[in-house]
Amino acid sequence: MDAKIGVLALQGNVSEHIDAFLLALERMGHGPSSEVFEVRSPADLADCNALALPGGESTTISRLIDKNGLYEPIRSFKGGIFATCAGMVLMATRVDDIRIHPLGLIDMAVDRNAFGRQKESFEMDLAVDGLHGGPFHAVFIRAPVVTSAGPDVNVLARIDQGIVAVEQGKHIALSFHPELSDDTRLHEQFLKNLGITRRS
């Protein structure tokens, strides 16, 4: 199965996600038949079998999703969604900010800015359930945390402040930024779960 990965390109660290998925596909042996491209409209989304929701300003991204007519197309998207930081906030069913129109795709409540301002950003080696090869070096930047998760949500990682990685069905949401590392294990695992397998 070829990968057609869209990265929501309304605001946030879009290019980093594109580069990370291209590196993951290269390491999985995929050639030019697999693509990573920007998504700005419902027509762009129709070409995808996976979508990344990047970090950025969650209130701004939420407003632009609505403005660009993408709310229902993302809600009904049949592929998998890889959401980081602000993307995790958008995937929730409940968010502690009335300015955000959550997509409700993962049964969880999220505290949008659990760690405070930019200066509270930090890095740590994080144990992620099911991830082979040791801990993942996670970069947290004004990160959210999951304060509660429903029974169908698989919790992948937690720290003292709360849950920081979850998956439900085809979707994964992370409060940190794996796209800021050259460690593509989480990207590769996400793609494998969608049936996009390693090629020799």
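Overview of the structure. (Residues numbered from 1 in each chain as written. Predicted model: local features only at pLDDT ≥ 70, side-chain atom pairs only at ≥ 80, totals over all residues. Heavy atoms only, no water.)

1. Quick notes on the pairing of strand β1 (residues 4-8)
Part 1: Most of β1 sits out of view: four of its five residues are buried.
Part 2: Looking at chain direction, β1 and strand β2 (residues 35-39) are connected through five bridges and run parallel. When the bridges of β2 are listed, V7 appears paired with E38.
Part 3: In this view, the connection linking β1 to its parallel neighbour β2 by way of helix α1 (residues 14-27) has right-handed handedness.
Part 4: Relative to strand β3 (residues 50-53), β1 runs parallel, the two sharing three bridges. Considered in β3, the bridge of V7 is made with A52. (Buried < 20%, exposed > 50% of the residue type's maximum accessible area, 1.4 Å probe, protein only. Helix = DSSP H or I, 4+ residues; strand = E, 2+ residues; numbered from the N terminus. Pairing = 2+ DSSP bridges. Right-handed = clockwise from strand over helix to strand, strands pointing away.)

2. Description of the packing of α1 against helix α6 (residues 185-193)
Part 1: At a closest axis distance of 9 Å, the pairing of α1 and α6 adopts a crossing angle of 70°. In terms of orientation, α1 lies roughly perpendicular with respect to α6. Between α1 and α6 lies a crossing whose hand is right-handed. Taking contact as the criterion, the partners of A20, F21, A24, L25 and R27 in α1 are, on α6, H187, E188, F190 and L191. (Axes fitted to C-alpha atoms, helices over the stretch in contact; angles between N-to-C directions. Parallel < 35°, antiparallel > 145°, perpendicular 65-115°, else oblique. Left-handed = near helix turned anticlockwise from the far one by under 90°. Contact = heavy atoms within 4.5 Å.)

3. A short note on the pattern of salt bridges
Part 1: Under the defined criterion, the tally for this structure stands at seven salt bridges.
Part 2: Measuring nitrogen to oxygen at the nearest pair gives 2.6 Å for the salt bridge that ties R40 to E38.
Part 3: For E38, a relative accessible area of 36% translates into the label partly exposed.
Part 4: With its nearest N and O atoms 2.7 Å apart, the salt bridge here joins R99 to D97.
Part 5: For R99, a relative accessible area of 55% translates into the label exposed.
Part 6: Through salt bridges with shared partners, a single ionic network connects E57, D97, R99 and R112. (Salt bridge = Lys/Arg side-chain N within 4 Å of Asp/Glu carboxyl O.)

4. Description of the side chain of E167
Part 1: Residue placement: E167 occurs in strand β11 (residues 162-168).
Part 2: The side chain of E167 sits in the buried core without any salt bridge; K192 is the nearest counter-charge, 13 Å away.
Part 3: For E167, the contacting residues outside a window of four places in its chain are D152, V153, N154, L156, I172 and N193. (Lys, Arg positive; Asp, Glu negative; His and termini not counted.)

5. Focus: the packing of aromatic side chains
Each aromatic ring pair is specified by the distance between its two centres and by the angle formed by the two planes.
Part 1: Under the criterion given, the structure shown has six aromatic pairs.
Part 2: When the ring of F122 is compared with that of F140, the centres are 4.6 Å apart and the planes differ by 10°; the resulting orientation is stacked. Placement of the pair is F122 in strand β7 (residues 122-126) and F140 in strand β8 (residues 136-140), with a sequence separation of 18 residues.
Part 3: Using a relative accessible area of 1% as the deciding quantity, one classes F140 as buried.
Part 4: Judged by centre distance (5.9 Å) and plane angle (40°), the ring pair of F136 and F176 falls under tilted. (Phe/Tyr/Trp six-rings, centres within 6.5 Å; stacked < 30°, edge-to-face > 60°.)

The values reported here are purely geometric and, on their own, carry no functional implication.
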